[in-house]
Amino acid sequence: MPPAVGNPRFGRLRRHPVLSLLAALVVLTGLVFGGRWASGRLFPPSLTCGTGLTATGTPLACAGVNIDSVPFTGHEPARMRELENMVKTANDGVKGPYTSVVLMLDLSPVSDVDTLTYDSLYPNIEGALTAVWRANNTAAYGSTPAIKLYLANMGSQYGSWSEAVAQLKDRLSAEHVSAVVGLGQSTDQTRRAAAAISSQLHIPVIGSTVTGDSMNIDPADPTGKKQIPDMFRVSPTNTDSVIAANQYVSTLRPAVTSLAVVADSVTGDDYTQTLAEAAKTRFKAAGRTVTVLPYTSPSDLPAGSGRQDYLVQQFNLMHANLCQAAPSVVYFAGRGRDLGAFVENWVQGAPCGIAQLHILVGDDASESIHDKGVLNGIASGRVTVAYTALASPDEWGKDCPGSDAKHNYDQFWSAFTGRPDPCTGQPLTADKDVATLSFDPADLASGQAMLTHDAAVAAISAGRHDAVGLKNPGLETGILHQFYCAQMLPGASGWLSFRTDGTPAGKPSPVVQLGSDGSARTVALTWPDGAPNLSLPQRGGKGAPGC
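A brief look at the structure comes next.

Quick look at the layout of surface pockets now. In this structure, the largest pocket occupies an estimated 550 Å³ of space. What lines the largest pocket is a set of 22 residues, and nearest its centre among them are A90, W133, N136, N137 and V434. Every element with two or more residues in the lining of the largest pocket is listed here: α3 (78-92) and α4 (118-137). Ranked by residues supplied to the lining of the largest pocket, first place goes to α4 with six residues.

The next point concerns the packing of α3 against α4. The description of two helices packed together rests on the angle between their axes and the distance between the axes. Their axes nearest at 10 Å, the elements α3 and α4 cross at an angle of 15°. When the axis of α3 is compared with that of α4, the two are roughly parallel. Judged by the sense of rotation from one axis to the other, the crossing of α3 with α4 is left-handed. Along its contact with α3, which presents R79, M80, L83, M86 and V87, the element α4 presents Y118, Y122, I125, E126 and L129.

This part is about empty space enclosed by the protein. Enumeration over the complete set of coordinates arrives at four cavities of 30 Å³ or more. The computed volume of the largest cavity comes to approximately 210 Å³. Contributing to the lining of the largest cavity are 23 residues, with Q185, T209, D364, E367 and Q448 lying nearest its centre. If you list the elements that add at least two residues to the lining of the largest cavity, you get α4 and α13 (448-465). The element best represented in the lining of the largest cavity is α4, accounting for three residues. Among the residues making up the lining of the largest cavity, the classes are represented as eight nonpolar, 11 polar and four charged. Looking at the second largest cavity, its volume works out to about 50 Å³. P59, L60, A61, T73, H75, S108, P109, V110 and S156 together form the lining of the second largest cavity.

Here the focus is the environment of V132. Residue position: V132 is located in helix α4. Its relative accessible area of 7% is what places V132 among the buried residues. For the pair V132 and I147, spaced 15 residues apart in the sequence, the C-alpha separation amounts to 6.3 Å. Each residue touching V132, except ones within four places of it in the same chain, is listed here: I147, L149 and I460.

Let's shift gears to the nonpolar core. Core analysis: the largest hydrophobic core is formed by 91 residues, its most contacted members being L168, I197 and I206. Apart from residues no more than four positions distant in its own chain, I206 is found in contact with V180, V181, G182, F232, R233, V234, A455, A458, A459 and L480. Membership of the second largest hydrophobic core comes to 30 residues, among which are C323, V330, V361 and V374.

An ideal rise of 1.5 Å per residue puts 16 Å on 12 residues; helix α7 (residues 238-249) measures up with 16 Å between its terminal C-alpha atoms. Summarising burial for α7: 10 of the 12 residues are buried, a large majority.

Bringing helix α8 (residues 270-282) into the picture now. The end-to-end C-alpha distance of α8, which contains 13 residues, comes to 18 Å, matching closely the 18 Å that a straight helix rising 1.5 Å per residue would cover. Listing the buried residues of α8 in full gives D270, Y271, T272, T274, L275, A276, A278 and A279. Against α7, β8 (258-264) and β10 (329-333) lie the buried residues of α8. The N-terminus of α8 is capped by D269, whose side-chain oxygen sits 3.1 Å from the backbone nitrogen of Y271.

What follows is about the sheet that holds strand β7 (residues 231-233). Spatially, seven strands are ordered β1-β2-β4-β3-β5-β6-β7 in an open sheet, and the strand pairing comes out mixed. Each having just a single partner strand, β1 (53-56) and β7 make up the two edges of the open sheet. Strand-to-strand twist across the sheet, computed as the mean angle between neighbouring axes with direction ignored, equals 30°. Contacts from α4 reach β3 (98-105) and β4 (146-153), with the element oriented near 165° to β4.

What follows covers the packing of helix α5 (residues 161-171) against helix α6 (residues 188-201). Where α5 contacts α6, the axes come no closer than 9 Å and their chain directions differ by 25°. Relative to α6, the element α5 is oriented roughly parallel. For the pair α5 and α6, the crossing hand works out as right-handed. Here W161, V165, L168 and K169 of α5 lie close against α6, whose contacting residues are Q189, R192, A193, A196, I197, Q200 and L201.

A side chain of one charge can pair with a side chain of the opposite charge when the charged atoms of the two come close. The tally for this structure, following the rule as stated, stands at 10 salt bridges. Measuring nitrogen to oxygen at the nearest pair gives 2.8 Å for the salt bridge that ties D529 to R499. Pair noted here: D529 is in the segment after β16 (520-526) and R499 is in the loop between β14 (495-496) and β15 (509-514), with a separation of 30 residues, a long-range link.

Now for the side chain of D364. Structurally, D364 is set in the loop between β11 (357-361) and α11 (372-380). Owing to a relative accessible area of 6%, D364 belongs among the buried residues under this scheme. The contact partners of D364, leaving out residues within four places of it in the chain, are Q185, Y271, R335, G336 and R337.

With that settled, consider the state of the cysteines. In a disulfide, the sulfur atoms of two cysteines are held together by a covalent bond. Within the structure shown, the criterion is met by three disulfides. What pairs with C323 in a disulfide is C352, and their sulfur atoms sit 2.1 Å apart. On the sign convention where negative is left-handed, the bridge of C323 and C352, at about -80° about the S-S bond, is left-handed. In this pair, C323 sits in helix α9 (residues 307-325) while C352 sits in the loop between α10 (339-348) and β11, placing the two residues 29 residues apart along the sequence. C323 gets classed as buried once you look at its relative accessible area, which sits at 15%. Note that C400 is cross-linked by a disulfide to C423, the S-S spacing being 2.0 Å. Between C400 and C423, the S-S torsion sits near -95°, and that sign places the bridge as left-handed. Linking C400 in the loop between β12 (383-388) and α12 (404-417) with C423 in the loop between α12 and α13, this pair joins segments that are 23 residues apart in sequence. Judged by relative accessible area, which is 45%, C400 ranks as partly exposed.

One open sheet holds the seven strands; their spatial order is β9-β8-β10-β11-β12-β15-β16, and the pairing between them is mixed. Where the open sheet ends on each side, the last strands, each with one partner, are β9 (289-295) and β16. Along the sheet, successive strands turn relative to each other by an average axial angle of 25°, direction set aside. Against the sheet, α7 makes contact with β8, β10, β11, β12, β15 and β16, and its axis sits at roughly 95° relative to β16, the strand it touches most. The sheet strands contacting α10 are β8, β10, β11 and β12, and the helix crosses β11 at an angle near 175°.

Parameters and conventions
- Residues numbered from 1 in each chain as written.
- Predicted model: local features only at pLDDT ≥ 70, side-chain atom pairs only at ≥ 80, totals over all residues.
- Heavy atoms only, no water.
- 1 Å grid on protein atoms, 1.4 Å probe; cavity = no way out; pocket = protein on both sides within 12 Å on 5 of 7 lines; lining within 4 Å.
- Points joined across faces, edges and corners; volume = space filled by probe spheres on them.
- Helix = DSSP H or I, 4+ residues; strand = E, 2+ residues; numbered from the N terminus.
- Axes fitted to C-alpha atoms, helices over the stretch in contact; angles between N-to-C directions.
- Parallel < 35°, antiparallel > 145°, perpendicular 65-115°, else oblique.
- Left-handed = near helix turned anticlockwise from the far one by under 90°.
- Contact = heavy atoms within 4.5 Å.
- Nonpolar A, V, L, I, M, F, W, Y, C, P; charged D, E, K, R; others polar.
- Buried < 20%, exposed > 50% of the residue type's maximum accessible area, 1.4 Å probe, protein only.
- Core = buried A, V, L, I, M, F, W, Y, C linked by side-chain atoms within 4.5 Å.
- Expected span 1.5 Å × (residues − 1).
- Polar contact = N/O pair within 3.5 Å; in protein donor to acceptor, adjacent residues only side chain to side chain.
- Pairing = 2+ DSSP bridges.
- Salt bridge = Lys/Arg side-chain N within 4 Å of Asp/Glu carboxyl O.
- Disulfide = S-S within 2.5 Å.

Below, the structure written as structure tokens:
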């Protein structure tokens, strides 16, 4: 067999090791950079994040403060892009000194994983835009400095909250950020975000729909008693909501003698935990039996894993125990997005002598207004569904002129829709020749637009009352504490008055009945504090709550 024939060039390289090393480095460099170039060409990045944002999470999303109003994900709905562009247009129109309010939420929800949807997000952004529009173009909340709005994303299930806070810290001075509003749901993640903003940035955090009783408690405090010093909210707590629900249940006829609490026992969700705890005790009454039926929702599901199927399985096993309890009313102490699985199981399960189940839910039921499982269940006649809302567009009635609280709402409604005042018929008046907003009144059904508007109003009012706010926004916490008693702020959801712990005083809780067509109608207006708070206190009259 003839000997192998070698390549003479390789032979020369073997005789010169330095030359061999250099050749290897050239080849390796070509492979690395060529591979990157080819990868970039063949597999371009799925998402490009702008200033103040960083790509993170699974699926990939931009977390942080959206300075450039770019998409948060590569597949955002058209409506989300419209609202982001509206924010950019409004900010671009601001001239001269300004301060910024940041609306921080989960702005990249994942279907069947998050317990909120894009549809439920839109009213929050619209409410914040309405507050900023009124601040910049009317005399409703002062005149200077001008106000900018930025959207900040904490990612799916609020898992990227730390990235959002870090990006906010980097942009705080450059964008004159004076407050954060929103936060979204009452979870451990959002509570840690609020605590981090307070301890690191020293600016107010004003929750719009944050209702969990312990959401204003510092998660780092082992005693569970230290409050987050810069934390405020414009919504009643879960305990207040359960008090309101019990006020409503006590008016039902025939009297409710058997009530079941369907309680989510998942950890890490302050909303469901504190709602269930309050319900277990607050519904107790003479002549009434209270039965607690626990279930556990999934706390961490990957995309496409089927939250609905997971819960249907549990509710199917709960069915017999629910029939055994034979309640007049079921109080569902769980997330609104999970209500559909419960209703669907009840309607399709074996009948057990209960002709119609009356279901009462906490405020998160606003997430289920358009849930097919809930609406089909109502249409079947097997269930009725009502919930204690944090705000409702018809809570103040339709009488004109109505209360001062109704007048405040009518002014908001006119700015939100761009239509004449519903009572006076007068067109909306702006300080400048600017285009009005034209949001759909149907977007007010969940009440979230009203609450986010009110949180932004509190932030804006504090910023404008603080003469040195642009240089030291941390002083605005002290200003917010002055909004109580006779110094209440006019809000869409009611007068805004803060207790010393940052929770609202004198806020109503409307009870809203859902229709099978997705309609929502206020059937009662309850006052957990005990007395209606409709007007500023008058000389010689009774003081407002907190006085």
